[in-house]
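Each chain, letter by letter, is given below.
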Amino acid sequence: MENKTIRLIYPQWQGANIARWLPDLPPEEASRGYYLGSMLLEFLAPKTACETFRVPVSIDVSERNEKDGVLDRDILTLQTKAALDILKIANPDKVITLGGECSVSVPVFSYLAAKYGDEVAVIWIDAHPDITLPGDDYNGYHAMALTAIMGKGDRAIIRQLPANISKRMVCLAGLRECEYPYIEKRVEELGLSHFSPAELANDSRPVIEWLYKSNASKVMIHFDMDVMDPSDILAAVADGPEGGLKLKEVVRLINDIAREKELVALTIAEPMPRLAIRLKKMLSELPLL
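Residue numbering note: each chain is counted from 1, following its sequence as written. Per-residue local features are limited, in this predicted model, to residues with pLDDT of at least 70; the limit for side-chain atom pairs, both in listing and counting, is 80 or more; totals at the level of whole chains, interfaces and linings are taken over all residues. Based on all heavy atoms of the structure, the side-chain values leave hydrogens and waters out of the count.

1. Remarks on the overall build of the chain
A count of helices and strands for the chain gives eleven helices and ten strands. Radius of gyration here uses only the C-alpha atoms, and the compact-globule reference equals 2.2 Å multiplied by the residue count raised to the power 0.38. For a compact globule of 289 residues, the expected C-alpha radius of gyration is about 19 Å, and the chain comes in at 18 Å, within 12% of that figure. C-alpha atoms of the chain, sized along the principal axes, occupy 60 × 40 × 40 Å. A separation of at least 24 residues holds for 75% of the contacts in the chain among residues at least 6 apart in sequence. Here, Shrake-Rupley sampling with a 1.4 Å probe gives the accessible areas, and only protein chains in the shown set may cover a residue. Working note: accessible area of the chain is about 13200 Å², and carbon and sulfur atoms make up 53% of it. Going along the chain from the N terminus, every DSSP run of H or I of four or more residues is numbered as a helix, and every run of E of two or more is numbered as a strand. The criterion used for residue contact is that any of the two residues' heavy atoms lie within 4.5 Å.

Printed below as a string of structure tokens:
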């Protein structure tokens, strides 16, 4: 029976608390920037014969509330359920997700973990480890995405997830910033394998070798665009630190992984289209109506 692949458009932005890092943009538009980023990814991506689904995401930014240490927890819980409902009905074997901030991988990876169990590993290509927890210094759920996939974090969200991934089946690729000393310590306490941009700049072998040691036959890849060096391409929120992977290096790494193991999920996350947001604001100020 042929595998069923779907494309999931998931413009979730509520997991991020980023407006303060984008002072050149209007705060409301900066907050919702990942929504527009997801729409642009869909527009720019090659056309596909596979079925496309869209997770309904609110664009209301009028009032944002923290609950149990997570910003916009209640709306994130509802949107996680909506994504899981789509996956249960569509019943795909493989999922391409165009986000949205990093937490868009949570329901997708959990759904596929329930389907494949220990057969599947996670390669988290990101400048950050995304292993914060409710109550840490930062309340954005996108920084808690990987801990959620491993079954740790906010109970209201975690209890919806059909499965989680063992930490031994997770590899961090392109890691160069842990934000706080206790996050760096947490990476070590969890025993997460991790490789720096320098280790992967010229060769994908460190990740490929780890993947074979994991004994996984399948792989899920999360690609956060902030893993890329801002001097090469500024596609994410941060304009630093430099020393990230180049665009061509990320493309090589993902393709090398996909050649070695069956790719069952690929998420592209956290595109921040600064220019498009500024153009959108300009158009809103012109007499076009």
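Still more to cover.
2. Notes on the environment of Ala156
As for its position among the elements, Ala156 is in helix α6 (residues 155-158). Apart from residues no more than four positions distant in its own chain, Ala156 is found in contact with Arg73 and Thr77.

3. Section: unusual backbone geometry
In this chain, Gly99 is followed by Gly100 through a cis amide linkage whose omega measures 20°. In this fold, Gly100 is placed in the loop between β5 (94-99) and α4 (105-116). The backbone of Asp130 shows a phi angle near 55°, a positive value even though the residue is not glycine. When you line up the elements, Asp130 lands in the loop between β6 (120-125) and α5 (145-149). Phi at Glu270 takes a positive value of approximately 65°, unusual for a residue other than glycine.

4. As for the side chain of Ser204
By the secondary structure assignment, Ser204 is in the loop between α8 (197-200) and α9 (205-214). The cut-offs for exposure are 20% and 50% of the maximum accessible area for each residue type, with area from a 1.4 Å probe on protein chains only; residues under the lower value are buried, those over the upper are exposed, and the others partly exposed. Since its relative accessible area comes to 3%, Ser204 is described here as buried. Polar contact criterion, stated in full: a pair of N or O atoms within 3.5 Å, where within protein one must be able to donate a hydrogen and the other to accept it, and residues adjacent in sequence count only if both atoms are side-chain atoms. A distance of 3.0 Å separates the side chain of Ser204 from the side chain of Arg252, its partner in a polar contact. Apart from residues lying up to four places away in sequence, Ser204 is in contact with Arg252, Leu253 and Asp256.

5. Considerations on the packing of helix α3 (residues 73-90) against α4
The packing of two helices is summarised by the inter-axis angle and the distance between the axes. Inter-axis angles, ranging from 0 to 180 degrees, are taken between N-to-C directions of lines fitted to C-alpha atoms, where helices are fitted over the stretch in contact. α4 packs onto α3 with a crossing angle of 40° between their chain directions and a minimal axis gap of 9 Å. Relative to α4, α3 is oriented oblique. Along this stretch, α3 crosses α4, giving a crossing that reads as right-handed. On the side of α3, the interface is formed by Thr80, Ala83, Leu84 and Leu87, while α4 contributes Pro107, Val108 and Tyr111. By residue class, the composition of the contact of α3 with α4 is six nonpolar, one polar and no charged. Here roughly perpendicular refers to angles of 65 to 115 degrees, roughly parallel to angles under 35, roughly antiparallel to angles over 145, and oblique to all remaining angles. By convention the crossing between two helices is left-handed if the near helix lies anticlockwise of the far one by an angle smaller than a right angle, and right-handed if it lies clockwise. Asp, Glu, Lys and Arg are counted as charged, while Ala, Val, Leu, Ile, Met, Phe, Trp, Tyr, Cys and Pro are counted as nonpolar; the rest, among them Gly, fall into the polar class.

6. Let's talk about helix α10 (residues 247-260)
For α10, built from 14 residues, the straight-helix expectation of 20 Å at 1.5 Å per residue is met to within 8% by its first-to-last C-alpha distance of 20 Å. Buried residues of α10: Glu249, Val250, Leu253, Ile254, Asp256 and Ile257, and no others. Buried residues of α10, seen end-on, are gathered within an arc of 160° and therefore sit on one face of the element. Opposite its buried face, α10 presents the exposed residues Lys248 and Arg259, each directed more than 90 degrees away. Expected span of a helix, by definition, is 1.5 Å for each gap between consecutive residues, and there is one gap fewer than residues. The arc under discussion is defined with respect to the helix axis, by the directions toward the C-beta atoms.

7. Some remarks on the packing of aromatic side chains
Ring geometry is summarised as follows: Phe, Tyr and Trp rings, the Trp one being its six-membered ring, pair when their centres sit within 6.5 Å, and such pairs are stacked at plane angles under 30 degrees, edge-to-face over 60 and tilted between the two. Per the counting criterion, the structure on display carries three aromatic pairs. Here the aromatic rings of Phe109 and Trp124 are separated by 6.2 Å at their centres, their planes lie at 90°, and the arrangement is edge-to-face. Linking Phe109 in helix α4 with Trp124 in strand β6, this pair joins segments that are 15 residues apart in sequence. A single burial state applies to Phe109 and to Trp124, both of which are buried. Ring geometry for Tyr180 against Tyr182: centres 5.4 Å apart, planes inclined by 5°, an arrangement best described as stacked.

Taken by themselves, the reported measurements are silent on function.
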